[in-house]
Amino acid sequence: MTADMVTVSSVSKSYARRGGFLGLRKEDHLVVRDVTLSIAEGETLGLVGESGSGKSTLARMILGLVKPTSGSIHVDGVEVGGSETRALRRQMQPVFQDPTAALDPRMRVLDLITEPLVIHRESGTKIANADLRARARELMIAVGLDESALGRFPHEFSGGQRQRINIARALALRPKFLVLDEPVSALDVSVGAQIVNLLRTLQREHGLTYLFISHSMPLVRYLSTRIAVMQQGRIVEMGEAEELCSQPREAYTRQLLAATPELPAA
């Protein structure tokens, strides 16, 4: 029986906002509502829903970037937000929607990819430049880019190439778990298909666990083992990918399935 890499237990997130006459009364705006889910080691859980459904807020709570209002989250047996969170950050990495925004335009690819190794190195230790370059070369090959890219800047690459660099950076620390938050929505369809196939290959080769977030149900169906459908901060339906897509119970799920075309073959 495969162990759970991620467990989310009754997690909610609310933000205070002004309401009422002249904005004098404070109201709680509930963004995520009592979400419980798990992700087994080596699987991909697809999280799908329209914009504003709470997907990205939940992802940021799992990554420890946002603190839940209530509930708890554990990754690889460690509570997110607890005393061991810093060490846990090596085990989980994000790949966000916009690869251009994720990459410092002033840094060369070599420095972008190896920066996590430098930041997370043990106190008092130094990593040799030759070792950093060797690791960067290895990562370039893994994402389908040439070593010659290491001396260039992000603006010299296409959007798809920048996302490959972003993925290489996320893999630098050899994490077990990646949060993929709309990683292809800023790319055209054919390039996005190539990135999705790259993600499948990397998962198979490195035994990775994914949380894959998208508003596109066909895309989530293609990559995911199981799918969780999120609407207005709640998980309204969850199940095996093929079964959920072929026999959806909720009208909202059927609406998402009908809203986007099938992913083309790469």
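Details of the structure are given in the entry above.
A few points on the structure. (Residues numbered from 1 in each chain as written. Predicted model: local features only at pLDDT ≥ 70, side-chain atom pairs only at ≥ 80, totals over all residues. Heavy atoms only, no water.)

1. Let's talk about the overall build of the protein chain
Check the secondary structure of the protein chain and you find ten helices and ten strands. Compactness check: the protein chain gives a C-alpha radius of gyration of 19 Å against a globular reference of 18 Å for 266 residues, within 12% of the reference. On the principal axes, the C-alpha backbone points of the protein chain span a range of 60 × 50 × 45 Å. The buried share of the protein chain, reckoned over its 266 residues, is 45%. Of all intrachain contacts in the protein chain linking residues separated by at least 6 positions in sequence, the fraction that spans at least 24 positions is 68%. Only carbon and sulfur atoms are counted for the fraction: they give 48% of the accessible area of the protein chain, which is about 13,300 Å². (Helix = DSSP H or I, 4+ residues; strand = E, 2+ residues; numbered from the N terminus. Rg over C-alpha atoms; globule rule 2.2 N^0.38 Å. Buried < 20%, exposed > 50% of the residue type's maximum accessible area, 1.4 Å probe, protein only. Contact = heavy atoms within 4.5 Å. Areas by Shrake-Rupley, 256 points an atom, 1.4 Å probe, with all protein chains shown as cover.)

2. Some thoughts on the pairing of strand β4 (residues 70-75)
Where β4 lies against strand β5 (residues 78-79), two bridges are found, and the strand directions are antiparallel. Within β5, the residue paired with H74 across the bridge is E79. Counting the residues between successive antiparallel strands, the hairpin from β4 to β5 contains two residues, one of them, D76, with a positive phi of roughly 55°. (Pairing = 2+ DSSP bridges.)

3. Observations regarding the environment of L211
Relative to the assigned elements, L211 resides in strand β8 (residues 209-214). When the C-alpha atoms of L211 and A59 are compared, they prove to be 8.1 Å apart, with 152 residues separating the residues in sequence. When sequence neighbours within four positions are dropped, the list of residues in contact with L211 reads I39, L45, L47, I62, F177, L178, V179 and L180.

4. Focus on the sheet that holds strand β6 (residues 92-95)
Sheet strands associate in pairs through backbone hydrogen bonding, adopting either a parallel or an antiparallel arrangement. Reading across the sheet, the six strands line up as β6-β7-β8-β3-β9-β10 and stay open at both edges, with mixed pairing between neighbours. The open sheet is flanked by β6 and β10 (234-240), the only strands paired with a single partner. Within the sheet, the average angular offset between the axes of one strand and its neighbour, ignoring direction, is 15°. Where β6 lies against strand β7 (residues 177-181), four bridges are found, and the strand directions are parallel. Across the sheet, the residue bridging to P94 is V179, located in β7. Where helix α7 (residues 189-206) meets the sheet, it contacts β3 (44-48), β7 and β8, and its direction lies at approximately 160° from that of β8. (Axes fitted to C-alpha atoms, helices over the stretch in contact; angles between N-to-C directions.)

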